[in-house]
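Analysis of the macromolecular model
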Amino acid sequence: MEHGQKSPAEKISINGRRPEVLVIEDDPHIQRAVVRTLEWAGCTVDVAGTAAEGRERFRDGHPNLVLLDIGLPDDSGFNVCRQFRKEEKKEIPILFMTVQDDLSSRVRGFEAGGQDFILKPFYLKELVARVRVHLGISMGWETMNSLNHQLKARDQNRLNLVDMIVHDLKLPLTAINGNLRIIDEDGHVDSEGLKLLHSSERAVKSMENLIDDILKIGQNEQGVLQTRNEILSAADILKEVAELFGPSCRLRGMKLSVSVLPQTLRLFADPQLVSRILANLISNAAKCNREGEDILIECFSAPSGVRFAVSDRGPGVPDIDKKRIFAKFEHFDKSGLGTVRAYGIGLFFCRSAAAALRGRLWVEDREGGGARFVLEIPDAVGGTYD
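My aim in this report is to walk through the structure given alongside it, one point at a time. (Residues numbered from 1 in each chain as written. Predicted model: local features only at pLDDT ≥ 70, side-chain atom pairs only at ≥ 80, totals over all residues. Heavy atoms only, no water.)

1. Description of the overall build of the protein chain
Using the following cut-off: Strands are runs of DSSP state E lasting at least two residues, helices are runs of H or I lasting at least four, and both sets are numbered from the N terminus onward. Any residue under 20% of the maximum accessible area for its type is buried, any over 50% is exposed, and the rest in between are partly exposed; the area is computed with a 1.4 Å probe on protein chains only. When checking whether two residues touch, look at their non-hydrogen atoms; a contact exists if any pair is within 4.5 Å. Note on areas: Shrake-Rupley with a 1.4 Å probe; residue coverage comes only from the protein chains shown.
A tally of helices and strands in the protein chain yields nine helices and 14 strands. Here the protein chain, with 386 residues, has 42% of them falling under the buried criterion. Considering only contacts in the protein chain between residues 6 or more positions apart, those separated by 24 or more positions represent 68%. Only carbon and sulfur atoms are counted for the fraction: they give 53% of the accessible area of the protein chain, which is about 21100 Å².

2. Re helix α8 (residues 271-288)
Which entries qualify depends on this criterion: A helix is expected to span 1.5 Å for every residue after the first. In protein, a polar contact means a hydrogen-donor-capable atom and an acceptor-capable atom, both N or O and within 3.5 Å, with residues adjacent in sequence counting only if both atoms are side-chain atoms; elsewhere, any N or O pair within 3.5 Å suffices.
For α8, which comprises 18 residues, the first-to-last C-alpha distance of 26 Å matches the rise-based estimate of 26 Å (1.5 Å per residue) to within 8%. Among all positions in α8, only Leu273, Val274, Ser275, Arg276, Ile277, Leu278, Ala279, Asn280, Leu281, Ile282, Ala285 and Ala286 are buried. The backbone nitrogen of glutamine 272 has a side-chain oxygen 2.9 Å away, supplied by the residue at the start of α8, namely aspartate 270.

3. Considerations on the packing of helix α3 (residues 77-85) against helix α4 (residues 103-112)
For clarity, the threshold we go by: With axes taken as lines fitted to C-alpha atoms, and helix axes fitted only over the stretch in contact, angles between N-to-C directions fall between 0 and 180 degrees. Each angle is binned into one of four classes, with values under 35 degrees roughly parallel, values over 145 roughly antiparallel, values of 65 to 115 roughly perpendicular, and all other values oblique.
α4 packs onto α3 with a crossing angle of 20° between their chain directions and a minimal axis gap of 8 Å. By the angle between their directions, the pair α3 and α4 is classed as roughly parallel. When α3 is examined against α4, the residues Phe78, Cys81, Arg82 and Arg85 are found in contact with a partner set consisting of Ser105, Arg108, Gly109 and Ala112.

4. Brief notes about the packing of helix α2 (residues 51-60) against α3
We count it as follows: Two helices crossing with the near one rotated counterclockwise from the far one by less than a right angle form a left-handed crossing, whereas a clockwise rotation gives a right-handed crossing.
Taken N-terminus to C-terminus, the directions of α2 and α3 make an angle of 20°; their axes are 11 Å apart at the nearest point. Relative to α3, α2 is oriented roughly parallel. The hand of the α2/α3 crossing is right-handed. Seen from α2, the contacting residues are Ala51, Gly54, Arg55 and Phe58; seen from α3, they are Val80, Gln83 and Phe84.

5. Describing empty space enclosed by the protein
Rule in force here: A cavity here means a set of 1 Å grid points, computed over protein atoms only, where a 1.4 Å probe fits but cannot escape. A pocket is an open set with protein on both sides within 12 Å along at least 5 of 7 lines, and lining residues have an atom within 4 Å of a point. Grid points are joined across faces, edges and corners, and a volume is the space filled by probe spheres set on the points. Gly counts as polar in this scheme, as do all residues outside two lists: the nonpolar Ala, Val, Leu, Ile, Met, Phe, Trp, Tyr, Cys and Pro, and the charged Asp, Glu, Lys and Arg.
Tallied over the full model, the rule gives one cavity of 30 Å³ or more. Put simply, the largest cavity is a space of about 40 Å³. Looking at the lining of the largest cavity, the element that brings in the most residues is α2, giving three residues. Here the residues of the lining of the largest cavity sort into two nonpolar, one polar and three charged.

6. So, the pattern of salt bridges
Opposite charge on two side chains permits pairing when their charged atoms draw close. Filter applied, for reference: In the sections that follow, a salt bridge refers to a side-chain nitrogen of Lys or Arg positioned within 4 Å of a carboxyl oxygen of Asp or Glu.
For the structure on display, the rule yields 15 salt bridges. The partner of aspartate 69 in a salt bridge is lysine 120, with the nearest N and O atoms 3.1 Å apart. Separated by 51 residues along the polypeptide, aspartate 69 in strand β3 (residues 65-69) and lysine 120 in the loop between β5 (116-119) and α5 (124-186) bring together distant segments of the chain. We classify aspartate 69 as buried; its relative accessible area is 5%. Residue lysine 120 is classed as buried on the basis of its relative accessible area of 18%. Shared partners join several salt bridges into a network, and the residues in it are Glu25, Asp69 and Lys120.

7. Some details on the packing of aromatic side chains
The condition is simple: Working definition: rings of Phe, Tyr and Trp (its six-membered ring) pair if their centres are within 6.5 Å, and the pair is stacked with planes under 30 degrees apart, edge-to-face with planes over 60 apart, and tilted otherwise.
This model, assessed by the stated rule, comprises five aromatic pairs. Arranged with centres 3.8 Å apart and planes meeting at 10°, the rings of phenylalanine 58 and phenylalanine 84 form a pair that is stacked. On the criterion of sequence distance, the pair formed by phenylalanine 58 in helix α2 and phenylalanine 84 in helix α3 is long-range, its members being 26 residues apart. As far as the burial class goes, phenylalanine 58 and phenylalanine 84 line up, both buried. Both rings, one in phenylalanine 78 and one in phenylalanine 96, keep their centres 5.4 Å apart while their planes meet at 70°; by these two values the pair is edge-to-face. Here phenylalanine 78 is found in helix α3, whereas its partner phenylalanine 96 is found in strand β4 (residues 94-98), with 18 residues between them in sequence. Taking relative accessible area as the criterion, phenylalanine 78 reaches 1% and is therefore assigned buried.

8. Concerning the nonpolar core
The test is simple: Buried Ala, Val, Leu, Ile, Met, Phe, Trp, Tyr and Cys residues that are joined via side-chain atoms within 4.5 Å together make up what is termed a nonpolar core.
Residues Leu267, Phe308 and Phe373 are the most contacted members of the largest nonpolar core, which totals 44 residues. At nine residues, the largest contribution of residues to this core is made by α8. Filtering out sequence-adjacent residues up to four positions away, phenylalanine 373 remains in contact with Leu281, Phe308, Ala309, Val310, Val317, Ile325, Phe326, Leu347, Trp362 and Val363. Within the second largest apolar cluster, 21 residues are counted, among which are Ile12, Val21, Ile118 and Val128.

9. Here we look at the environment of phenylalanine 122
Note that phenylalanine 122 resides in the loop between β5 and α5. Residue class for phenylalanine 122 comes out buried when judged on its relative accessible area of 2%. For the pair phenylalanine 122 and isoleucine 30, spaced 92 residues apart in sequence, the C-alpha to C-alpha distance is 10.0 Å.

10. Side note on the sheet that holds β4
Formally: If DSSP finds at least two bridges between two strands, the strands pair.
With parallel pairing, five strands are arranged side by side in an open sheet as β2-β1-β3-β4-β5. The open sheet is flanked by β2 (44-48) and β5, the only strands paired with a single partner. Neighbouring strand axes in the sheet, compared pairwise and without regard to direction, differ in orientation by 20° on average. Judged from the four bridges that link them, strand β1 (residues 20-24) and β3 form a sheet pairing that is parallel. When the bridges of β3 are listed, isoleucine 24 appears paired with leucine 68.

Set out below in structure tokens:
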């Protein structure tokens, strides 16, 4: 080992503080040399001469790194290392100091949980270099773990905030919807007022659906989106969504055309999710469709399942955007100029819900111009019913 060496120009530190090193070594000469060198290098050093004393110092202290002799008088350094790895401080680097340079010893050391070996007699400069490297690695892991915890905490806070906002939004919507129904049932409203009331009811329903979409997206991202599948009539599903969107489309000078082939087509799926996907697709089609053009809603049997298709006569979706359009908070610019950044979750929800149904969703060009969104759901019940 070297003697009379100068203190390193750059001190070892962890975020501006002196790192703590625990040295477990029974040779007093090596102890003194290591302590003096590491203190010069900027470390705070604690020393133990036996395995029992080392376990106590490790348990009661806060070491950032351990230098551990293999041949201790009361136990093997391998056993001490294994025991340390069972403690809560599992990430602390442990470096063995030993005269044993055989492959078997090195393998046993790594299997016990050690990070490195320093062969005796060693150069103190090498000791400082190895300590610096392993403390740097340890500090990197510590920083990443800290950032990971911070990100998880922020994400949880965000989810809690979203849940709170969604919950609070539902309360006034419920009250508004109830008041609209009371006015409607009371009958003291002229025909024009009734139209406005019905339009308001549909707007409330749309907001409720959006809130539920937000909740379901959160559930799906956490892997807990549940489906309640049952046997469904395709014709009944399309009739329901057509009745919901037909009036608003007529106000825009559009017509919803519905086609089911065969009429007896059925599928096994969650009725709420299927309806919500179609509702989002029809709503988007109405926004993009040219005035006076029809929106076509189809359902038909395919070799890989039952397919729904919603087609419009809008500007279509450029090939470069056919995948990006389903990303979270991406919104397609209906002017046809390409994808623009905007806050939107409709198509992202549709893609997530399709995956929860074990199906898939994509967009393709409609023959003659426009876009055609296709939802495919695996057919589990033979497709038709008697």
